[in-house]
Amino acid sequence: MSKTVETEGALETRGIEQVPDHERTGRTRELFPTWVGANISVLLLTMGASLVVAYHLNIWQALVVAVAAPVVSYGLVGLIGIAGKRGGAPGMALSRAVFGQRGNLLPGSLIWVARWGWETINAVTGAYAMLSILDIVFGIEANSVLDMVTLLVFVVATFAISGLGINAVQKCNKYATYFFGAFSVLVLVYLAVKTDWSKVMDHSAGSTAAVITGIGMIAAGGVSWIPTAPDFTRYLPRTASSKAIVGTAVGGAGVVVLPMVLMGAVMAVATPDLASAADPVSFLGKILPTWIAVPYLLIALVGMLLINSMSMYSAGFTAQTLGFKVPRHWAVSVNAVISLVFGGVLMLVATSFMGSFTAFLSLLAVAFSAWVGVFGADMFRRTEYDGRAMADTTRTSAYWYKGGFSPAAVAAWAIGLVSGLMFTTSDWFTGPLAKNNVIGEYGLGWVATIVISGVLYMVLPKPGIETPASTEEAARADGPGESVSGPTGEQATAAV
């Protein structure tokens, strides 16, 4: 991202306030490594294996899943990212314009809590990568104490990168992209030479329902990035190409998701227990020679660091919109502590990593999709956002609506969320409508959530849209006592 007044130093100090136009000098092509970095995860290998082992798909069906999943999920990431260039603010700050100052606390809290789980999964995977490297290189076997030490090291490193801000995240993503690409090609060549392709090609096909469910499983990771997409596009000028924003999201994710899912599917032929392994990383040391496995695990470790850094970076903004009146880099520390605690529980107590992960993904997608449906529908009618109204959390805000809530947005979000859960099946929860219908059997609960919440929002009566100009005129007409101009206490705090 091009350097600006607020980001040219090592530490980004800008919070949830709107970025001034003169600082919005980013370029869309700089988003490509961002979405590459967001997907450098060995979990994709394990999910690719699950397509063969658990969903019983053949290699051609796995290819369909690997192509469709990033197009669907990151297409939505790119579309919501357009709001970032329109409003110049993080996604959950822009969300105040849709749900109201108080209403935004409802989806914001749920998304923040869901991020705890996502960051915990990533932290645990990173810790397992370190444990595997120690085992392969030094012969040091894992134990409870070492589990916690590696988890702590990973979380601290994540906090350091995400706390520094967008420049640090973008720079790390750029270099990680190069290294990951080089070693992925090396792994692909090795698999091409060593794989028994007759076994791969002879694998029988699975059902259409399994293909669609598999697309949903892989896409769930991308869906988790949708509310944060504006966080990474807010430094783009208003004239930035919307097509390029969508294209870089889909392309950046696709160049990682496609080969890694296919590699996982191929690996599953040689190692059928891959999808049910106790951890999602150690299998690499068994399948690949040491000279490939060690550097690839190191790159995977860096990838997990970047994914969690990006997630915590955005989580800091979400925490600020929920009322945590601290600078963004300190808001990040809250998620760091939570992922450390939950990660310890998962590593020490959970009996099946992939079982917990798959169950979490199904619920995660629904939790995020309710917000996506409402916010996305609102983008059809709103092309700009009032920075002063977003920052003003009092009754004087143009986004106060009725008691701080937008009834249409909150109702559509709540109904969509409950409806989606009713169609969802997981090891932790199964909705009453998850059986005997296409939506439930095909794992489309998250899609139903988006559609229901979006359609409801469009048909329900909504407050009129206040533009920045009309808000300023109204403030002048109401007199000094009602003016919304000038920085609020929250703005001043966020900019520290």
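Residues numbered from 1 in each chain as written. Predicted model: local features only at pLDDT ≥ 70, side-chain atom pairs only at ≥ 80, totals over all residues. Heavy atoms only, no water.

### Section: the overall build of the chain
Using the following cut-off: Elements are defined by DSSP. Helices are runs of H or I of four residues or more, strands are runs of E of two residues or more, and each kind is numbered from the N terminus. Only protein chains enter the area calculation, which uses a 1.4 Å probe; residues under 20% of their type maximum are buried, those over 50% are exposed, and those in between are partly exposed. Contact definition: two residues touch when any of their heavy atoms are within 4.5 Å. Values of accessible area rely on a 1.4 Å probe in the Shrake-Rupley scheme; residue burial ignores everything except the protein chains shown.
Scanning the chain from N- to C-terminus turns up 22 helices and zero strands. Burial status across the chain gives 58% buried among its 496 residues. Partitioning the contacts of the chain with sequence separation of at least 6, the portion at a separation of at least 24 is 86%. Carbon together with sulfur atoms contributes 68% to the accessible area of the chain, which is approximately 18,600 Å² in total.

### Quick notes on the pattern of salt bridges
Pairs may arise between side chains of opposite charge once their charged atoms sit close together. As a reminder, the rule being used: Put simply, a salt bridge is a Lys or Arg side-chain nitrogen that is within 4 Å of an Asp or Glu carboxyl oxygen.
Enumeration over the complete set of coordinates arrives at five salt bridges. A salt bridge links Arg24 to Asp21; the shortest N-O distance between them is 3.5 Å. Using a relative accessible area of 3% as the deciding quantity, one classes Arg24 as buried. Residue Asp21 is classed as partly exposed on the basis of its relative accessible area, which comes to 46%. A salt bridge links Asp378 to Arg382; its shortest N-O distance comes to 2.7 Å. The residues Asp378 and Arg382 share a single accessibility class, namely buried. Each of Asp21, Arg24 and Arg238 takes part in salt bridges that share partners, so that together they form one network.

### Considerations on unusual backbone geometry
A positive phi angle, close to 60°, is found at His56, a residue other than glycine. Examined against the element boundaries, His56 turns out to sit in the loop between helix H2 (43–53) and helix H3 (59–87). Exposure remark for His56: the relative accessible area of 48% places this residue in the partly exposed category. In the Ramachandran plot, Tyr401 falls in the positive-phi region, its phi being about 55° despite a non-glycine side chain.

### Here we look at the confidence of the model for the chain
Any residue range with low pLDDT should be treated as having predicted coordinates unsuitable for detailed reading. Defined as follows: Every residue gets a pLDDT, meaning the predictor's confidence in that residue, from 0 to 100.
Averaged over every residue, the pLDDT of the chain is 81; residues scoring 70 or more account for 82%. Between residues 1–10, whose pLDDT stays under 50, and residues either more than four places distant or in other chains, the model counts 32 contacts. Every residue in residues 470–496 is under pLDDT 50, and counting partners more than four places away or in other chains gives 40 contacts.

### Topic: the nonpolar core
Condition: Among buried residues, the Ala, Val, Leu, Ile, Met, Phe, Trp, Tyr and Cys ones that are joined through side-chain atoms within 4.5 Å form a nonpolar core.
Counting residues in each nonpolar core, the largest one holds 129 residues, and the members touching the most others are Trp35, Ile218, Trp225, Leu284, Trp371, Phe375 and Tyr385. The dominant element in this core, judged by the number of residues it contributes, is helix H14 (residues 290–321), at 14 residues. Once residues within four sequence positions are removed from consideration, Ile218 is found in contact with Leu44, Met47, Val65, Ala69, Val257 and Val261. In this structure, Trp112, Trp116, Ala319 and Ile338 belong to the second largest nonpolar core, which totals six residues.

### Describing the side chain of Asp147
Counting through the fold element by element, Asp147 comes out in helix H7 (residues 144–164). Apart from the residues lying within four places of it in its own chain, the contact partners of Asp147 are Leu131, Ala142, Met347 and Leu348.

### Observations regarding helix H6 (residues 105–138)
Heads up, the rule is: Here the expected span of a helix is defined as 1.5 Å times the quantity of residues minus one.
An ideal rise of 1.5 Å per residue puts 50 Å on 34 residues; H6 measures up with 48 Å between its terminal C-alpha atoms. Phi turns positive one or two residues past the end of H6, at Gly139, with a value near 70°.

### Observations regarding the environment of Thr449
Rules: Here a polar contact is recorded for every N or O atom pair within 3.5 Å, except that within protein the pair must consist of a potential hydrogen donor and a potential acceptor, and residues adjacent in sequence are included only if both atoms are side-chain atoms.
Its location among the elements puts Thr449 in helix H20 (residues 445–459). Each C-alpha atom of the pair Thr449 and Phe423 lies 9.2 Å from the other, and the pair is 26 residues apart in sequence. Setting aside its immediate chain neighbours within four residues, Thr449 contacts Val366, Ser369, Ala370, Gly416, Leu417 and Gly420. Polar side-chain contacts of Thr449 include one of 2.8 Å to the backbone oxygen of Gly445.

### Description of the packing of H2 against helix H10 (residues 208–223)
Axes are the key here: two packed helices are described by the angle between their axes and the distance separating the axes. Stated formally: Fitted lines through C-alpha atoms serve as axes, helices being fitted only where they are in contact, and the angles separating the N-to-C directions of these axes extend from 0 to 180 degrees. An angle below 35 degrees is read as roughly parallel, one above 145 as roughly antiparallel, one from 65 to 115 as roughly perpendicular, and any other as oblique. When residues are sorted by character, Ala, Val, Leu, Ile, Met, Phe, Trp, Tyr, Cys and Pro go into the nonpolar class, Asp, Glu, Lys and Arg into the charged class, and all the rest, Gly among them, into the polar class.
It is the contact of H2 with H10, at a shortest axis distance of 11 Å, that shows an interaxial angle of 170°. The pairing of H2 with H10 is recorded here as roughly antiparallel in orientation. When H2 is examined against H10, the residues Leu44, Met47, Ser50 and Leu51 are found in contact with a partner set consisting of Gly214, Met217 and Ile218. Residues that form the contact of H2 with H10 fall into these classes: five nonpolar, two polar and no charged.

### Here's the deal with a nonpolar patch on the surface
Rules: Each patch is built from salt-bridge-free residues with over 30% relative accessible area, joining like charges within 9 Å and nonpolar side chains (Val, Leu, Ile, Met, Phe, Trp, Tyr) within 5 Å.
Where nonpolar side chains cluster on the molecular surface, the patch consists of Trp60, Leu63, Val67, Val71, Trp197 and Met201 and spans about 560 Å² of accessible area. At the level of elements, H3 and helix H9 (197–202) are the ones that each hand at least two residues to the nonpolar patch. Mapped onto the secondary structure, Trp60 falls in helix H3. With a relative accessible area of 55%, Trp60 lands in the exposed category.

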